[in-house]
Amino acid sequence: MPDHAFSSDPAVQTQLDRLTALSPGRDVLGLERITALLARLGDPHHRLPPVFHVAGTNGKGSTCAFLRAAIEASGLSCHVYTSPHLVRFNERIRIAGRLIEDDMLAAYLARVLDIAEGTGASFFEVTTAAAFLAFAETPANACVIEVGLGGRLDATNVLPQPAVCGIAALGIDHEAFLLAPEAGTPDLPMERIAFEKAGIAKADVPLVIQRYATGMMGAIAGQAMRAGAYVKARGEDWDAALYQGRLHYRDVDGRLSLPVPRLPGEHQADNAALAVAMIRHQSAVTIPDSALSAAMGWADWPARLQRLGVGPLTALLGTGEAVWLDGGHNPDAGAALARHIDGMGGKVHLIIGMLSNKQPGALLGPLEPFLASVTALPVPGHEWHDADAFQACLTSGLEVTAATDVRSAVQRLSDQQPMPVLIAGSLYLAGEVLKANGQEPD
């Protein structure tokens, strides 16, 4: 479905209107259109600084944040391409450390859209081409590029020779795109997911991976062998663990004792460790160990177990209790949230909004033992699950109530027993929350 991007800048909005009109309601995976479009632009993806290419179901964005932090802590400049945006479309494209300015964004989108006629390029493909064009024409020391969906057929997978590729945690998501039967793909769902993500493997490029089930490891190894990539697997070529208040990392080049990541959640240690492993298994960009340590505290990734600051939204609660925000929407995200709440030692009020193409039980299942109340919200600009859909997933007898927007939902909780609040279920909803609290990403 379209991302319904909006901008306060008229020139940007003109191009965003054109961009949104391209999408037929969902993007169709495949490399033919993006390849043709980039050819018309002079193949800018062949002129990028060294690329760190990251795939995964959960954690790929956080891994990108740790990579960026480490590169910049080294005194180097870094382009970053991620998706989706939370509040402003500009968040998708970071030029040498700063969000792309409105005038530059409007100009690059116009250039790509003008030349894209007849290619059938989608919303994401045009955005990817604009990012690659901007990256090729602006000096920087490195690029961090996040896969949009899947890997094998994702528009970012035209990159010819990254410095290193990485795969974060894997789980079931985007079932309509990644689990549809196709000749030559594995039969089992999780192996098929692994197969798709490992499609980013490139000849003579390290493919740094987490630890997965045996069948998934086999699917990844098969893709790497076909591509001629070098698999660098956790537990074999590198490893990491949290103990005694530190993140301990090791590989063939030695051991590191790093600070625990500032980003909340035990899973962030895994994402940070993957970023460290990617950096230490490539040779295109020199990053000292001191920068890896600094990255643990520098990395920032909004709406991923983010504790909201004091703002117009949190003030409505009137209790001073913590308000947590997370855009997760699949079972692994639910499990990570449940671990975090369990560690807090109590229950939370849940405010949830979820797209209609997601499974409402994905979050509610793991979270249900920790819930004091559930309030369902619409996700503006998208089809969404109503309160009845969430109610059907609960077994505890807890009643799901409905609210029209996040402000009214938070205001209503001010009359209930004070306890932390979790707002979760959609990155699109997370963007609305950050905007309402005056915490737009920068």
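Keep in mind the model is a prediction, meaning the values are calculated, not measured. (Residues numbered from 1 in each chain as written. Predicted model: local features only at pLDDT ≥ 70, side-chain atom pairs only at ≥ 80, totals over all residues. Heavy atoms only, no water.)

1. Comments concerning the overall build of the protein
Stated precisely, the cut-off is as follows: Secondary structure elements follow DSSP: runs of H or I no shorter than four residues count as helices, runs of E no shorter than two count as strands, and numbering proceeds from the N terminus. Within these notes, the globule rule equals 2.2 Å times the number of residues to the 0.38 power, and the radius of gyration is based on C-alpha atoms. Here's how the labels work: a residue is buried when its accessible area is under 20% of the maximum for its type, exposed when over 50%, partly exposed in between, all with a 1.4 Å probe on protein chains only.
Counting secondary structure elements, the protein contains 16 helices and 17 strands. The C-alpha atoms of the protein give a radius of gyration of 21 Å, which matches the 22 Å a tight globule of 442 residues would have. In terms of its C-alpha atoms, the protein occupies a principal-axis envelope of roughly 60 × 55 × 45 Å. Across the 442 residues in the protein, those meeting the buried criterion constitute 57%.

2. Brief notes about the sheet that holds strand β2 (residues 78–81)
Which entries qualify depends on this criterion: We treat two strands as partners when DSSP finds at least two bridges between them. In what follows, a contact means two residues having at least one pair of non-hydrogen atoms within 4.5 Å. Between N-to-C directions, angles cover 0 to 180 degrees, with each direction set by a line fitted to C-alpha atoms, over the stretch in contact for helices.
What the eight strands build is an open sheet, ordered β4-β3-β2-β5-β1-β6-β7-β8; its pairing is mixed. The open sheet has two free edges, formed respectively by β4 (98–99) and β8 (230–233), since each of these has just one partner strand. For strand β7 (residues 206–209) and β8, the ladder comprises four bridges, and the chain directions are parallel. By the bridge assignment, I209 is partnered in β8 with A233. Most of the contacts of helix α3 (residues 60–73) go to strand β5 (residues 142–146), to which it runs at about 170°, and overall it touches β1 (51–55), β2, β3 (93–95) and β5.

3. Quick notes on the confidence of the model for the protein
Just so we agree on the cut-off: Confidence per residue, as judged by the predictor, is encoded in pLDDT with a range of 0 to 100.
Averaged over the protein, the pLDDT score is 93; the fraction of residues at 70 or greater is 95%. In the model, residues 174–178 has pLDDT below 50 throughout and makes 17 contacts with residues more than four positions away in sequence or in other chains.

4. Some words on helix α10 (residues 289–298)
One full turn of an α-helix is made of 3.6 residues, so residues set three or four places apart face in the same direction. Heads up, the condition is: Note that the arc is computed from the directions linking the helix axis to the C-beta atoms.
Residues of α10 that are buried: A291, L292, A295 and M296. Buried residues along α10 cover an arc of 155° about the axis, so they all sit on one side. Facing away from the buried side of α10 by over 90 degrees, the exposed positions are S290 and W298. Where α10 is buried, its residues contact α3, β10 (246–251), β11 (254–259) and α9 (267–280).

5. Description of the pattern of salt bridges
Threshold: Each salt bridge in this description consists of a side-chain nitrogen of Lys or Arg and a carboxyl oxygen of Asp or Glu lying within 4 Å of one another.
Considering all chains together, one arrives at 14 salt bridges under this definition. Salt-bridge contacts for D114 lead to R18; the nearest nitrogen and oxygen are separated by 2.9 Å. Highlighted residues: D114 in helix α4 (residues 102–115) and R18 in helix α1 (residues 10–22), separated in sequence by 96 residues. For D114, a relative accessible area of 52% corresponds to the exposed category. Of the charged contacts in the structure, one is a salt bridge between D239 and R211, with a shortest N-O distance of 3.1 Å.

6. A closer look at the packing of aromatic side chains
For any pair of aromatic rings, the description rests on two quantities: the centre-to-centre distance and the angle between the ring planes. Put simply, the test is: Between 30 and 60 degrees the pair is tilted, below 30 it is stacked and above 60 it is edge-to-face, where a pair is any two Phe, Tyr or Trp rings, Trp via its six-membered ring, whose centres lie within 6.5 Å.
On inspection of all chains with the given rule, the structure shows four aromatic pairs. Centre to centre, the rings of Y81 and F132 are 6.4 Å apart; their planes meet at 65°, and the pair counts as edge-to-face. On the criterion of sequence distance, the pair formed by Y81 in strand β2 and F132 in helix α5 (residues 123–137) is long-range, its members being 51 residues apart. Between the aromatic rings of W238 and Y249, the centroid separation amounts to 6.0 Å while the plane-to-plane angle is 25°, which identifies the pairing as stacked. You can see W238 sitting in strand β9 (residues 238–243) and its partner Y249 sitting in strand β10, a full 11 residues away along the chain. Using a relative accessible area of 0% as the deciding quantity, one classes W238 as buried.

7. Observations concerning the pairing of β1
Burial analysis of β1 places five of its five residues in the buried class, the great majority of the element. Going residue by residue along β1, you find V51, H53 and A55 tucked away on one face and F52 and V54 tucked away on the opposite face as well. Sheet topology note: the β1/β5 ladder contains four bridges and is parallel. Across the sheet, F52 pairs through a bridge with V144, a residue of β5. With four bridges connecting them, β1 and strand β6 (residues 164–167) associate as parallel partners. Its bridge partner being in β6, H53 is matched across the sheet by C165.

8. Comments concerning empty space enclosed by the protein
Selection rule: Here the term cavity refers to a set of points on a 1 Å grid, laid over the protein atoms alone, in which a 1.4 Å probe fits but cannot get out; the term pocket refers to an open set having protein on both sides within 12 Å along at least five of seven lines, with lining residues being those that place an atom within 4 Å of a point. Grid points are joined across faces, edges and corners, and a volume is the space filled by probe spheres set on the points. Residues are grouped as follows: nonpolar covers Ala, Val, Leu, Ile, Met, Phe, Trp, Tyr, Cys and Pro; charged covers Asp, Glu, Lys and Arg; every other residue, Gly included, is treated as polar.
For the structure on display, the rule yields one cavity of 30 Å³ or more. In this structure, the largest cavity is lined by L305, W324, L337, H340, I341, M344, V348 and L422. Sort the elements by how many residues they give to the lining of the largest cavity and helix α12 (residues 331–344) lands first, with four residues. Partitioned by chemical class, the residues of the lining of the largest cavity number seven nonpolar, one polar and no charged.

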